[in-house]
Amino acid sequence: MAILPMNTAGRETPKQLGYGDDSKIKSAASIPWPGGRKPQLPTQWRLGMIILTCLCSFGNHWSNGLIVALKTTIIKNTHINNSQFATLVAVTNLVNTVLCIFLGFAIDKWGGASLSVVLAFFHLAGSMVMAGAATNHLDSFALLVVGKVIAAVGDGSLDNAQHRIFSTYFAPGRGFAFSIGMVWSIANLGQFVGQSTANVITSNLGSYAWSLWISACISLFSFLCAIGLVFLDRFLRSHYHVTDQTDGTHHQGVVQRRVFSLTTIRRLSTTFWVIVAFAVFENAGVQSFVSISTQFAQQRLKKGAVVGGWVSSMYLLLPIGVTPFLGVWIDFVGHRVSFLFLSSITFLISMLFLKFSHTLPTFVAAYVFYALAQCFTPAPQVEIIRNVIPDPRYFATAFAIKKSVVQASIVIITTAAGKIQDSSHGSLDGAISLWLAYAFISVAISGSLLIMSTPWWTILPAARLAQVTPSQLSREICRLDGLGDASGNKVTTLAEREYDLKVLRPNHSRLAWALLATSVGIVVLGWIMFGLGVSWGVHGNVVGSDSSFFCL
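Note that the structure is a prediction, hence the values are computed from the model and not measured.

## Thoughts on the packing of aromatic side chains
Two numbers describe a pair of aromatic rings. These are the distance of the centres and the angle of the planes.
Point 1. For the structure on display, the rule yields 15 aromatic pairs.
Point 2. On the numbers, 6.1 Å between centres and 80° between planes, the contact of Phe176 with Phe395 is edge-to-face. Residue Phe176 is located in helix 10 (residues 176-205), and its partner Phe395 is located in helix 19 (residues 395-423); the two are separated by 219 residues in the primary sequence.
Point 3. Residue Phe395 is classed as buried on the basis of its relative accessible area, which comes to 0%.
Point 4. Arranged with centres 5.1 Å apart and planes meeting at 75°, the rings of Phe272 and Trp273 form a pair that is edge-to-face.
Point 5. For Phe272, a relative accessible area of 0% puts it in the buried group.
Point 6. Grouping aromatic residues by their ring pairs yields a cluster made of Phe289, Phe363, Tyr367, Tyr370 and Trp435.
Point 7. Of note, Lys109 hangs over the ring of Trp110, and the distance from its end group to the ring centre comes to 5.7 Å.
Point 8. Over the ring of Phe176 we find Arg386; its NZ or CZ atom is 4.7 Å from the centre of that ring.

What follows is the structure in structure tokens.
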């Protein structure tokens, strides 16, 4: 890890690259190397890095909705009840409420490329165990659970490793949002193909084991891509000058000596915690609705599982084409907070249509708006987290904190929705009220954040910096200088000014502890609700989303 510059008071401030200070890139590129000066990394190699990184998780996303899509078949063949099936599906959420935190530290320490291999291997191993559990009429529920737990180790943090790779190679406003948009475009493609073909493959080949083995083969392909990614990363570092966009130093693939820092976590900006609160409702609401979208389509359209699966997976097609262009827009224009607000608004409109109308046109319109919510959710949320934290070297850790709380929230909302549905004799109409409430809350939070990021009422400087056009970031930092001064010391450099505007002030330490305690409380509540859900036997009605794909 690079030695950071100190300001006049001895306070540590990170060098942040990519915010209009091209001199750092030029000076770094002029460093002499043995055998001559290394050339800058060509654009085609950057594109190659994006493609290979996207393929690392293709198998993960392919199998994301596989178990849920095969629900009826698995229950019939393994002779289990709804509660046991729910345990199988929701185990990913429970495991990653804690595990993704430690993996976030590991990703920051050893890098995204190395951890991608480890995480992809765990997913491959879990996929093979699950496929074996269904082979030769074994139909072992215990083996399915074991395979799901093994796969969960890789599923929960593989996207975090991908984001960390992109944060190293791309700066905000210089391709980072586009790379995030591309990875989620490929993710939606894999999810769509896997989910829509699961029942078709099972029906034509006579066993759901074929669907699981095909998924395992795709996971093997992704594992090989992860290995190739490590070699590509080493090749680029040895032949080109690669600037680490998190601190402005030369990317050498070294292990960071200091990763876990409670002080750093406590100094995360208030904006970051507002985004976490938003994700607790918007992300959890969107993801839990994914898990019942097929069943809901069956009830409204009065069709079978195959038709319901195709209809419910159609929402994935729009994000496949839109998210890369959305990333380009964010890179050039910004307005990250605005996209959070749009995602909550479209989610709210979708739930209003489903709640208050039962006609076919409004059903179609509801799923279209739901697809728009899926478009506006991944890239802006990943991008804005990197932009509001004071030190981007801890990006994977910050993302893991958000993801851990969201995982727990998914379990909470899933259990509550299942209880409502169980009381309604299997009907989902009553449960929609819960998603509608979550949509209203997410609109309130994102709307408040949008207001507090306006230039005439900048209560949260970090939110304002995430909202402005990237090309105007330097000017906005100078305009806001002083609003975020954490210690009253003289701040001179642009990087120090930006750090000051984003860091949580020391006199707000009680707020930091309260926010951390609230996050831990949500995780604990998630575990409690999961236990209650198993005892109630309601998870079989509204199963928890396999959220390794959708949790950003």
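## Remarks on the nonpolar core
Across soluble globular proteins, you tend to see nonpolar side chains buried next to one another.
Point 1. One finds Tyr169, Leu236, Phe272, Ile384, Ile385 and Leu449 to be the most contacted residues of the largest nonpolar core, which totals 59 residues.
Point 2. In contact with Leu236, not counting residues within four places along its chain, are Leu41, Trp45, Met49, Tyr169 and Val242.

## Observations concerning the confidence of the model for the protein chain
Point 1. With 79% of its residues at a pLDDT of 70 or more, the protein chain has an overall mean of 78.
Point 2. Helix 16 (residues 336-356) holds the highest mean pLDDT among the elements of the protein chain, 92, whereas helix 1 (residues 23-29) holds the lowest, 37.
Point 3. Per-residue pLDDT stays below 50 along residues 1-33; that stretch engages in 86 contacts with residues further than four places along the chain or on separate chains.
Point 4. Low pLDDT (under 50) marks residues 538-551, which in the prediction has 79 contacts with non-local residues, meaning those over four places away or in another chain.

## Quick notes on the side chain of His123
Point 1. Along the chain, the position of His123 falls in helix 7 (residues 112-133).
Point 2. His123 sits in the buried class, given a relative accessible area of 3%.
Point 3. Setting aside chain neighbours within four positions, we find His123 in contact with Gly59, Asn60, Ser63, Ala151, Gly154, Asp155 and Ser219.

## Focus on helix 11 (residues 208-239)
Point 1. The first and last C-alpha atoms of helix 11 sit 47 Å apart over 32 residues, in line with the 46 Å expected at 1.5 Å per residue.
Point 2. Residue Ser207 occupies the N-cap position of helix 11, its side-chain oxygen lying 3.1 Å from the main-chain nitrogen of Ala209.

## Things to note about the state of the cysteines
Point 1. A complete count under the given rule lists 0 disulfides for this structure.
Point 2. Not part of a disulfide, Cys54 finds its nearest cysteine sulfur in Cys56, a span of 8.8 Å.

## Things to note about a nonpolar patch on the surface
Point 1. A grouping of Val520, Val524, Leu525, Ile528 and Leu532 is seen on the molecular surface, where their side chains present a nonpolar patch of about 400 Å² in accessible area.
Point 2. Tracing the backbone shows Ile528 in helix 24 (residues 509-536).
Point 3. The exposure class of Ile528 is partly exposed, given its relative accessible area of 47%.

## Observations regarding the environment of Gln472
Point 1. Tracing the sequence through the fold places Gln472 in the loop between helix 21 (461-467) and helix 22 (473-480).
Point 2. The class of Gln472 is partly exposed, set by a relative accessible area of 33%.
Point 3. As a C-alpha pair, Gln472 and Val333 span 139 residues in sequence and 9.6 Å in three-dimensional space.

## A closer look at the packing of helix 9 (residues 158-169) against helix 10
Point 1. Viewed as axis vectors pointing N to C, helix 9 and helix 10 meet at an angle of 150°, and their least axial separation amounts to 9 Å. By the angle between their axes, helix 9 is roughly antiparallel relative to helix 10. Taken as a pair, helix 9 and helix 10 cross one another with a handedness that is right-handed. Of the residues in helix 10, those in contact with Asp159, Gln162, His163, Phe166 and Ser167 of helix 9 are Phe176, Ser179, Ile180, Val183 and Trp184.

## Here's the deal with the packing of helix 10 against helix 11
Point 1. At a minimum axis distance of 7 Å, the contact between helix 10 and helix 11 shows a crossing angle of 130°. On the basis of the axis angle, helix 10 is oblique to helix 11. Of the two elements, helix 10 crosses helix 11, and the hand of that crossing is right-handed. Contact with helix 10, carried on its side by Ala198, Ile201, Thr202 and Leu205, involves Tyr208, Trp210, Ser211 and Ile214 of helix 11 and no other residues of that element.

## Quick word on the pattern of salt bridges
Point 1. Within the structure shown, the criterion is met by 6 salt bridges.
Point 2. Among the salt bridges present, the one from Asp108 reaches Arg164, with a minimum N-O distance of 2.9 Å. Of this pair, Asp108 sits in helix 6 (residues 82-110) while Arg164 sits in helix 9; the two residues are 56 residues apart in sequence, bridging distant segments of the chain. Arg164 matches Asp108 in its accessibility class, with the two residues each being buried.
Point 3. Residue Glu476 is joined to Arg464 by a salt bridge in which the shortest nitrogen-to-oxygen separation is 3.1 Å. Of this pair, Glu476 sits in helix 22 while Arg464 sits in helix 21, placing them 12 residues apart in sequence. For the residue pair Glu476 and Arg464, the accessibility class agrees, reading buried in each case.

The rules behind each value
- Residues numbered from 1 in each chain as written.
- Predicted model: local features only at pLDDT ≥ 70, side-chain atom pairs only at ≥ 80, totals over all residues.
- Heavy atoms only, no water.
- Phe/Tyr/Trp six-rings, centres within 6.5 Å; stacked < 30°, edge-to-face > 60°.
- Helix = DSSP H or I, 4+ residues; strand = E, 2+ residues; numbered from the N terminus.
- Buried < 20%, exposed > 50% of the residue type's maximum accessible area, 1.4 Å probe, protein only.
- Lys NZ or Arg CZ within 6 Å of the ring centre and 35° of its normal.
- Core = buried A, V, L, I, M, F, W, Y, C linked by side-chain atoms within 4.5 Å.
- Contact = heavy atoms within 4.5 Å.
- pLDDT = per-residue confidence, 0-100.
- Expected span 1.5 Å × (residues − 1).
- Polar contact = N/O pair within 3.5 Å; in protein donor to acceptor, adjacent residues only side chain to side chain.
- Disulfide = S-S within 2.5 Å.
- Patch = residues over 30% accessible without salt bridge, like charges linked within 9 Å, V, L, I, M, F, W, Y side chains within 5 Å.
- Areas by Shrake-Rupley, 256 points an atom, 1.4 Å probe, with all protein chains shown as cover.
- Salt bridge = Lys/Arg side-chain N within 4 Å of Asp/Glu carboxyl O.
- Axes fitted to C-alpha atoms, helices over the stretch in contact; angles between N-to-C directions.
- Parallel < 35°, antiparallel > 145°, perpendicular 65-115°, else oblique.
- Left-handed = near helix turned anticlockwise from the far one by under 90°.

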